[in-house]
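Topology and contacts: notes
As a plain string of letters, each chain reads:
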Amino acid sequence: MEVGVTNLGRYLLEEQRKHPQATGDFTLIIEQIAFACKVISREVNKAGIVNILGKAKNVNVHGEEQQKLDVYSNRKMIQALDHIGKLCAMGSEEDEEIIRIPDHYPKGKYVVVFDPLDGSSNIDVNISIGTIFAVYRSISSCKEGVEEDFKQSGRNLVAAGYVLYGSSTMLVYTAGNGVNGFTLDPNIGEFLLSHENIKMPESGKIYSFNEANYNRWTPEIQNYVNCLRNMTERQYTGRYIGSLVADFHRNLLKGGVFGYPGDSKNPKGKLRLLYEAIPLAFIIEQAGGQATDGEQNILDIVPEELHQRTPLIIGSNYEVDLYKQYMKGEVKC
Ligand code: AHG
Ligand code: MN
Ligand code: MN
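Everything numeric here is computed off the predicted structure, so don't read it as measured data.

Before going further, it helps to spend a moment on the coordination of the manganese ion (ligand 3). Distances from the manganese ion (ligand 3) to its protein donors, E93 (OE), D115 (OD) and L117 (O), fall within 2.2 Å. Classification of L117 by relative accessible area gives buried; the value is 1%.

Next comes the structure, spelled out in structure tokens:
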């Protein structure tokens, strides 16, 4: 489709027409997520002016200081989705429990999980942050318990995406038929197709690890990062923004690897499986890359708890395959 004049609505409609049995439910969910993210983008881009910076004086389920924009973004995502009658439930990084659909709204057959604002520590210093989301079909009866809806591996995903609030606001998503990027034109308030059929380079020259954790890594992980540092035939550069969405997006377009492995202090690492690792793993696999926890493909892991953490190594095939070889003790450099 023509880049620059195809808005998200048209793209979704064209995709929907490819599925005769489609009801339009999925289309509406993505459009509402896009709407919420436009509202979040507006607040992010004026955060320095209005009193929405800083801490919300409470902590989230992870004991992390909630930023006002975390709370605001969470509320916007919920408000955009709770009333449309297409969801059975939601799960959010910012809510300890599953978010039920209020009784006065109709329920639907989908479940949406999200990290409403990723990279919160970067909000007050004007560095790119993002929203991450994933869509599943409900497998519960959606009346009594819905916990089982959140215990589905990434192989069951209907769609996954993120919005990056950077130098421009960009929505990137996949519904299992390739990855496409839409850039927000703030003058008309539309996401316009700007990056059609994104493909991940087979290898890159960027590695993205928080090397402050180096001394807590296992020798295998230390050897891997040293290998990338010292590889003569390809000069790697280190880039680490501290916002997963921003680090991921740069590598998706340029190639390379992002890693947040487990360490002696946090054996499962820091990142959350359901609404950070799995959505990005689905996107990267659709773009030709891969994601592992060091032992298995992220998409094969079945979540047991809403907020469980996982080590995450995600990026180009060359760098992730090399990581897996190092995890098996096969020193390659
Ligand atoms: P969130 O703001 O949603 O809690 O996510 C922050 C995550 C992720 O965005 C980033 O990659 C990671 O925290 C950075 O962690 P460190 O500061 O420990 O490197
Ligand atoms: Mn996050
Ligand atoms: Mn977050």
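Alright, that's what it looks like, and here's the rest.
Turning our eyes to something else, we now look at the pairing of strand β5 (residues 110-118). Buried residues dominate β5, accounting for nine of its nine residues. Two strands pair when backbone bridges link them, and β5 and strand β6 (residues 129-137) are joined in this way by seven bridges, in the antiparallel orientation. Considered in β6, the bridge of V112 is made with V135.

At this site the manganese ion (ligand 2) is bound by D115 (OD), D118 (OD) and E276 (OE), with donor distances of 1.9 to 2.1 Å. Within one chain, the residues donating to the manganese ion (ligand 2) are spaced in sequence as D-x2-D-x157-E. Here the manganese ion (ligand 2) and the manganese ion (ligand 3) are spaced 3.7 Å apart, and both take D115 as a donor. On the accessibility criterion, D115 (0% relative accessible area) is buried. Among the residues examined, D118 registers a relative accessible area of 5% and is labelled buried.

Reading guide: rules and limits
Residues numbered from 1 in each chain as written. Chains lettered and ligands numbered in written order. Predicted model: local features only at pLDDT ≥ 70, side-chain atom pairs only at ≥ 80, totals over all residues. Heavy atoms only, no water. Donors = N, O, S within 2.8 Å, 3.2 Å for Na, K, Ca; no water. Buried < 20%, exposed > 50% of the residue type's maximum accessible area, 1.4 Å probe, protein only. Helix = DSSP H or I, 4+ residues; strand = E, 2+ residues; numbered from the N terminus. Pairing = 2+ DSSP bridges.

All quantities given are derived from atomic positions and should not be read as evidence of function.
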